[in-house]
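Survey of secondary and tertiary structure
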Amino acid sequence: MTKEATVIVPTPVDDVPEPPRPARKQRRAWDEAPRWQIYLPLGIYLVFTLIPFYWILLFALRPAGSTSLLPWPMTLDHFDKVWTERAFGTYFENSILVGLATLVMTTLVALAGGYALARFDFKVKRAFMLALLCSQFVPGALLLVPLFQIFAELQMINSLGAVIIAETVFQLPLSMILISGFIKNVPYTLEEAAWVDGCNRFTAFRIVVLPLLRPGLIAVGSFAFVHSWNHFLFALMFLSDQGKQTIPVGLNTLMSADSVDLGALAAGGIIAAVPVVIVFAFIQKWLITGFSAGAVKG
């Protein structure tokens with residue numbers, strides 16, 4: 001008995017059913033908005049944002065007494081006046097010193113405290129975190145009297161060290177919370193692998209964790225620097241010598257009860273704003289990355 005061969009006839013290509021096409025997403029009405037409905041509000045917002053900056057540049061660059069809407073003829077007399085006659089060079093140096101010292105101290109202490117909050121469990125951890133959060137609701141003006149008494153006992157009144165310590169204490173709660181969020185995003189297994197290779201806790205943190213915290217450290221450090229650069233109250237209360245004042249207090253000296261030198265005030269405002277603008281121009285990439293990383297729960 002012979003077995004009959006089975007012949008398979010191929011199916012014509014035209015008879016193969018086509019896969020179902022995905023349903024076309026229905027476009028909403030606001031997806032088809034004309035371009036002008038997008039650019040017009042953005043343009044209006046841009047104009048309202050740039051007009052104050054242009055007004056400051058206009059007063060700083062045009063001669064005194066001029067009413068022109070264009071800074072022409074252009075002059076730098078106002079900048080020379082505030083830098084030399086009004087001692088803004090000294091104010092600038094003091095602000096740089098206070099800002100950099102606050103940046104370093106805030107970053108180091110917040111790094112140690114943030115690591116403890118992220119990697120260790122202790123009984124009062126929740127209460128401590130709650131205290132850090134509640135401290136952000138306390139205005140800085142309420143701290144002036146107790147801080148003044150403390151610094152008076154320590155004989156630190158009229159010292160830049162008092163301003164640096166006050167700024168650091170004021171920045172620490174938020175900085176520790178942010179740093180702890182950054183450290184939680186670093187897998188704990190990376191440190192354990194370093195321990196297996198013979199590293200102690202500090203060496204594992206320095207080699208493995210610290211390089212991954214660069215965006216977070218830049219974000220926290222820049223926030224501390226900018227806040228100490230712009231803060232007015234602590235420098236006004238703790239410093240009485242004019243040679244130790246900072247830029248915000250120096251700007252206040254340009255205004256009196258009888259008159260205001262608008263040209264000098266505008267020039268001083270530009271001098272105060274330029275360093276902050278330069279810093280943010282260079283670190284904006286790291287700043288956005290750092291804050292977005294700290295906002296994600298690890």
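Presented here is a report on the structure given in the accompanying data block.

Parameters and conventions
Residues numbered from 1 in each chain as written. Predicted model: local features only at pLDDT ≥ 70, side-chain atom pairs only at ≥ 80, totals over all residues. Heavy atoms only, no water. Helix = DSSP H or I, 4+ residues; strand = E, 2+ residues; numbered from the N terminus. Buried < 20%, exposed > 50% of the residue type's maximum accessible area, 1.4 Å probe, protein only. Contact = heavy atoms within 4.5 Å. Phe/Tyr/Trp six-rings, centres within 6.5 Å; stacked < 30°, edge-to-face > 60°. Axes fitted to C-alpha atoms, helices over the stretch in contact; angles between N-to-C directions. Left-handed = near helix turned anticlockwise from the far one by under 90°. Nonpolar A, V, L, I, M, F, W, Y, C, P; charged D, E, K, R; others polar. 1 Å grid on protein atoms, 1.4 Å probe; cavity = no way out; pocket = protein on both sides within 12 Å on 5 of 7 lines; lining within 4 Å. Points joined across faces, edges and corners; volume = space filled by probe spheres on them.

Comments concerning the side chain of Arg62
The residue Arg62 is located in the loop between α1 (35–61) and α2 (77–85) in this model. Among the residues examined, Arg62 registers a relative accessible area of 9% and is labelled buried. In this structure, Arg62 is in contact with Thr67, Ser68, Leu69, Pro71, Pro73, Thr75 and His78, ignoring residues within four places of it in sequence.

Overview of the packing of aromatic side chains
According to the stated counting rule, one finds 12 aromatic pairs in the structure shown. Between Trp55 and Phe59 the ring centres are 5.7 Å apart and the planes differ by 70 degrees, which places this aromatic pair in the edge-to-face class. Of this pair, Trp55 and Phe59 both sit in helix α1, 4 residues apart, roughly one helical turn. Phe59 gets classed as buried once you look at its relative accessible area, which sits at 18%. Taking 5.5 Å as the distance between ring centres and 70 degrees as the angle between the ring planes, the aromatic pair formed by Phe88 and Tyr91 counts as edge-to-face. Of this pair, Phe88 and Tyr91 both sit in helix α3 (residues 88–119), 3 residues apart, which is roughly one turn of the helix.

As for the packing of α3 against helix α6 (residues 160–184)
The N-to-C vectors of α3 and α6 enclose an angle of 40 degrees; their axes lie 6 Å apart at closest approach. Crossing of α3 against α6: the hand is right-handed. Its residues assigned to classes, the contact of α3 with α6 shows 17 nonpolar, 9 polar and 3 charged.

Some thoughts on the layout of surface pockets
Put simply, the largest pocket is a space of about 220 Å³. Lining the largest pocket are Ser135, Gln136, Val138, Leu143, Val169, Phe170, Gln171, Pro173, Leu174, Phe223 and His227. Among the secondary structure elements, those contributing two or more residues to the lining of the largest pocket are α6 and α9 (214–230). The element that contributes the greatest number of residues to the lining of the largest pocket is α6, accounting for 5 residues. Among the residues making up the lining of the largest pocket, the classes are represented as 7 nonpolar, 4 polar and no charged.

Worth remembering: the numbers are spatial, not functional.
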